[in-house]
Amino acid sequence: MDESTEKLWELRESLDVTLQKMQPPQNDEPVDAVDDSGSIEIRVSETGLVENVAILEKWRSHYTPDELGGAILAAYQAATTARLVSWSEAHVEALDDETIRARPAPPAHDSLAGQLQEPMDIAGKQPDPAASMSALADLLREARDSIQKSMQVVKERALAEYVGTSSSRCVQATVGSTGALLTVQFNIDWLAHRHAYNIS
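Just so it is clear, the model here is predicted, and its values are computed rather than measured.

Rules used in this analysis
Residues numbered from 1 in each chain as written. Predicted model: local features only at pLDDT ≥ 70, side-chain atom pairs only at ≥ 80, totals over all residues. Heavy atoms only, no water. Pairing = 2+ DSSP bridges. Helix = DSSP H or I, 4+ residues; strand = E, 2+ residues; numbered from the N terminus. Axes fitted to C-alpha atoms, helices over the stretch in contact; angles between N-to-C directions. Expected span 1.5 Å × (residues − 1). Buried < 20%, exposed > 50% of the residue type's maximum accessible area, 1.4 Å probe, protein only. Salt bridge = Lys/Arg side-chain N within 4 Å of Asp/Glu carboxyl O. Contact = heavy atoms within 4.5 Å.

Participant: Help me get a handle on the sheet that holds strand 5 (residues 171-176), residues and values and all.
Facilitator: Pairing in this open sheet of 3 strands is antiparallel, and the strands run 4-5-6 from one edge to the other. Every other strand in the sheet has two partners, leaving strand 4 (161-165) and strand 6 (181-186) as the edge strands with one partner each. Each neighbouring strand pair of the sheet contributes to a mean axis angle of 15 degrees, computed without reference to strand direction. Sheet topology note: the strand 5/strand 6 ladder contains 5 bridges and is antiparallel. Looking across to strand 6, one finds that Gln172 is bridged to Gln185.

This is the structure we're talking about:
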C-alpha cells in the first residue's frame, strides 16, 4: 500500500469513528416537562413525538381559553429542549469515548466508486471503449436523476404540515413532517365548559 492510499484509509477510518460518535444515543428515553404554572404536563417520546398531554383543572387560574393552546405548545418546546440537552450531554460523552473503532469498509462493489469503476474496467477489455464509456455516462445520468428526484421528495416532505382534529371537531393540532407539534387550537365555547380531564 503506497503512502497516498494509506492516508485515504486513515481518513476513512477517522470519518467513520466521527460518524459513530455523532449518532443519536441508543438508550434515549421519553422526556417529561411541566409548564411554569404546573397545570400542563407533557411527555415527549424518545423520537420527539408527543406521547401524552395532561391538563390539570387549575389551568383556568393561569390561562384564558385563548391562551391554553399556546401554553401547551410552550410546554412541548420545553420538553424538546430538555431532550436536546440530554442528547447533547450524551454526545459530549461519546466524543470523549476512545473505545470506538472504525467499522470494516464495505466491499468495493457495494460502493458508488466500485460501481463506477466496473464499466471503466470493462471498457479497457472491450474493442469498443466508446460504447463502454457511453454506458458509464448513462449510469452517471441515472444516478444524477435519482438524486434530484430524492432531493425533491425530501424537500416536499420537509415543508409538509398535517392537521388532526378530535372526534368532536373541537380540538385541532398541526404537526410538521417530523411529527413536531406546531399548533394546538381549541373551540373556545367548547373549552369553557369542559373539565380538564376531558381536555387532556
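Next, the rest of the story.
Participant: Please set out the pairing of strand 3 (residues 50-55) residue by residue, giving values where relevant.
Facilitator: Two strands pair when backbone bridges link them, and strand 2 (residues 40-44) and strand 3 are joined in this way by 5 bridges, in the antiparallel orientation. Of the residues in strand 3, the one forming a bridge with Ile40 is Ile55. Counted along the chain from strand 2 to the antiparallel partner strand 3, the turn is 5 residues long, and its residue Gly48 has a positive phi close to 90 degrees.

Participant: Pulling in residues and values, what's your account of helix 2 (residues 65-95)?
Facilitator: For helix 2, built from 31 residues, the straight-helix expectation of 45 Å at 1.5 Å per residue is met to within 8% by its first-to-last C-alpha distance of 46 Å. Turning to helix 2, its buried residues number three or more, namely Leu68, Gly69, Ala71, Ile72, Leu73, Ala75, Tyr76, Ala79, Thr80 and His91.

Participant: So what about unusual backbone geometry? Which residues, and what values?
Facilitator: Even without a glycine there, the phi angle at Arg169 is positive, about 65 degrees. Tracing the backbone shows Arg169 in the loop between strand 4 and strand 5.

Participant: Can you break down the pattern of salt bridges residue by residue, with the values?
Facilitator: According to the stated counting rule, one finds 4 salt bridges in the structure shown. Between Arg60 and Glu57 there is a salt bridge, with its nearest N and O atoms 3.2 Å apart. Across the pair Arg144 and Asp145 runs a salt bridge, and its minimum N-O distance is 3.2 Å. In this structure Arg144 comes out as partly exposed when scored by relative accessible area, which is 44%.

Participant: I'd love a proper account of the sheet that holds strand 3, names of residues and values included.
Facilitator: By way of backbone hydrogen bonds, the strands of a sheet pair with one another, either parallel or antiparallel. Pairing in this open sheet of 3 strands is antiparallel, and the strands run 1-2-3 from one edge to the other. Every interior strand has two partners, whereas the edge strands, strand 1 (31-34) and strand 3, have only one. Here the strands of the sheet are splayed against their neighbours by 15 degrees on average, with no regard to which way each runs. As paired strands, strand 1 and strand 2 are joined by 4 bridges and run antiparallel to one another. Bridge pairing in strand 2 links Ala33 to Ile42. Each of strand 1, strand 2 and strand 3 is contacted by helix 2, which is oriented at about 45 degrees to strand 2, the strand it contacts most.

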